Amino acid sequence: IDVFQAWCGPCKPVVNLFQKIRNEVGSNFLHFAVAEVDSIDALEKYRGQCEPVFLFYTGGELVAVVRGADAPLLQKTILNQL
């Protein structure tokens, strides 16, 4: 989940990375979503930050968090979680 604030929007450059990985591993294993922190109370702790935050869930459990648009770290995290 790409967690963002309305004033900065979702991290568009990372979308291409997710699409590339999704094509490589298959669409059944990787799902990408965006969530605006200002409209979701459960994400309140991520408000007021100037960097994107990516939350990784497996089976409904939070398993990893990546702060910032660090493409190599995001790719490594995704592949490790798969």
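Residues numbered from 1 in each chain as written. Predicted model: local features only at pLDDT ≥ 70, side-chain atom pairs only at ≥ 80, totals over all residues. Heavy atoms only, no water.

The chain is annotated in an unreviewed UniProt entry as TXND6 protein of Elachura formosa.

### Focus on the sheet that holds strand β4 (residues 61-67)
The strand order across the open sheet built from four strands is β2-β1-β3-β4, with neighbouring strands paired in mixed fashion. Strands with a single pairing partner mark the edges of an open sheet, and in this sheet they are β2 (34-36) and β4. Averaged over neighbouring strand pairs, the angle between their axes works out to 25° when direction is ignored. Here helix α2 (residues 71-81) sits on the sheet in contact with β3 (53-58) and β4, set at roughly 165° to β4. (Pairing = 2+ DSSP bridges. Helix = DSSP H or I, 4+ residues; strand = E, 2+ residues; numbered from the N terminus. Axes fitted to C-alpha atoms, helices over the stretch in contact; angles between N-to-C directions. Contact = heavy atoms within 4.5 Å.)

### Some remarks on the packing of helix α1 (residues 12-25) against α2
Interaxial distance between α1 and α2 falls to 11 Å at its minimum, and their mutual angle equals 30°. With respect to α2, the axis of α1 lies roughly parallel. Here the hand of the crossing between α1 and α2 comes out right-handed. Along its contact with α1, which presents Val-14, Leu-17, Phe-18, Lys-20, Ile-21 and Val-25, the element α2 presents Ala-71, Leu-74, Gln-75, Ile-78 and Leu-79. (Parallel < 35°, antiparallel > 145°, perpendicular 65-115°, else oblique. Left-handed = near helix turned anticlockwise from the far one by under 90°.)

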